[in-house]
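Okay, here's what each chain looks like letter by letter:
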Amino acid sequence: MNPLVSEIARLKSKNNAVILAHTYQPGEVQDVADFVGDSYGLSVEATNVTSDTIIFCGVRFMAETAAILNPAKKVVLVEPDAGCPMADMITVAGLAALKKKHPSHLVLCYVNSTAEVKALSDICVTSSNAVAIARQLPSNQEIIFVPDKYLGDFVAEKTGRTLILWNGFCPTHACITSGMVTQAHEEHPEALVLIHPEAPRESRRFADQVLSTGGMCSFVKNSERDEFIIATEIGILHTLRKQNPAKNFYPVSDTITCPNMRKGSLASIRNALEGKGGEIIKVPPETAAGAERALRKMLEMSEEKSYSDKAGILGTSGDMLKSLMEDKKKEREL
Ligand code: SF4
């Protein structure tokens, strides 16, 4: 066993720390984590943490979310320069100008965004709940979707709504071409193709399922099929193989990697636990309050979605929606 693994276990217990890792992190990082999940899973897990310290293996916007939802905890991002190019494609000034131009639109903000952009938004969404949250809004409610134009396009496609889309994208998923998908399918004709909604529509249309990373893990676990082509960041192959040892997984292409997600390592976790590396994430209180409001709305609407799903209704969400509209009205009056 790598001696760093036992050293990390010792330091974790000494510091009363918990390690959260995204499914795109390298396999060795996932193996020492207490919880491995997608953006939504990590957001929820961050609200359940009882340890004093959260060691976060992912990119900056995710660690910011954990810090915002856990103001009393110390959140340490193990690799301080692990950012997200898509989150950096939108600026506060740009979003403020778009809101001014469309004052009655609600802003749905993908969690892959900075705390400042979340604070200017009405509701956060993840790739697993964006469609369900959009469906809960009245059909005549106009929407701005930021920053991912491909996830926004997926929401538009599934809901039949017209959205104003910010021109951002994930450089990793934007590289998934329709040619890659069709070629992988020719090589593995028995395999089901699972693709992430951050991929362009022309690639998504050749897939069997469009799913978030958490959605892919659940789908595979419950599927009777045993071969899958995976069209998202290759880190998830480790998660899927570990959870489903009897099933076969093929990356749509070995080139689909996120350089920022690849930065995490056992050494960077050890250094963060020792206080010799990583960065304690601090979000200014005013920004944190605004971002938390949008994140909490997402968490509440996701809970209501489950309730509505059980009831077979996706049209209303009662008090939550009412308070959202009142907030928007107040904002327009300012
Ligand atoms: S995979 Fe894409 S969206 Fe996710 S962190 Fe990397 S660049 Fe950002």
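Worth saying up front: this structure is predicted, and the values here are computed from it rather than measured. (Residues numbered from 1 in each chain as written. Predicted model: local features only at pLDDT ≥ 70, side-chain atom pairs only at ≥ 80, totals over all residues. Heavy atoms only, no water.)

Draft legend 1. Representation of the packing of helix H1 (residues 3–14) against helix H13 (residues 266–274) in the model. The N-to-C vectors of H1 and H13 enclose an angle of 25°; their axes lie 10 Å apart at closest approach. Looking at the two axes, H1 sits roughly parallel to H13. The crossing of H1 and H13 is left-handed. Counted together, Leu4, Val5, Glu7, Ile8, Leu11 and Lys12 of H1 and Leu266, Ala267, Ile269, Arg270, Leu273 and Glu274 of H13 form the full contact between these two elements. Counted by class, the contact of H1 with H13 contains eight nonpolar, no polar and four charged residues. (Axes fitted to C-alpha atoms, helices over the stretch in contact; angles between N-to-C directions. Helix = DSSP H or I, 4+ residues; strand = E, 2+ residues; numbered from the N terminus. Parallel < 35°, antiparallel > 145°, perpendicular 65-115°, else oblique. Left-handed = near helix turned anticlockwise from the far one by under 90°. Contact = heavy atoms within 4.5 Å. Nonpolar A, V, L, I, M, F, W, Y, C, P; charged D, E, K, R; others polar.)

Draft legend 2. Main features of the environment of Gly214. By secondary structure assignment, the location of Gly214 is in helix H11 (residues 213–222). For Gly214, a relative accessible area of 24% puts it in the partly exposed group. Each C-alpha atom of the pair Gly214 and Gly37 lies 6.4 Å from the other, and the pair is 177 residues apart in sequence. (Buried < 20%, exposed > 50% of the residue type's maximum accessible area, 1.4 Å probe, protein only.)

Draft legend 3. View of the domain arrangement of the protein. Domain parsing of the protein yields domain 1 (3–83 + 262–280), domain 2 (87–169 + 285–333) and domain 3 (173–257). Across the contact, nine residues belong to domain 1 and 15 residues belong to domain 3. At the boundary of domain 1 with domain 3, total buried surface from both sides reaches about 840 Å², with 51% on carbon and sulfur atoms. It is Thr23, Tyr24 and Arg262 in domain 1 that bury the most area against domain 3; as a group they hold 58% of the surface buried on that side. Where domain 1 packs against domain 3, one counts two salt bridges. Here Asp31 ties to Lys242 by a salt bridge, and the two come within 2.6 Å at their closest N and O atoms. Counting the contacts that link domain 1 with domain 3 gives ten residue pairs in polar contact (both at pLDDT 80 or more). In terms of residue class, the side of domain 1 that touches domain 3 is made up of two nonpolar, four polar and three charged. (Domains from an automatic or database assignment. Buried area = accessible area lost by both parts, 1.4 Å probe. Salt bridge = Lys/Arg side-chain N within 4 Å of Asp/Glu carboxyl O. Polar contact = N/O pair within 3.5 Å; in protein donor to acceptor, adjacent residues only side chain to side chain.)

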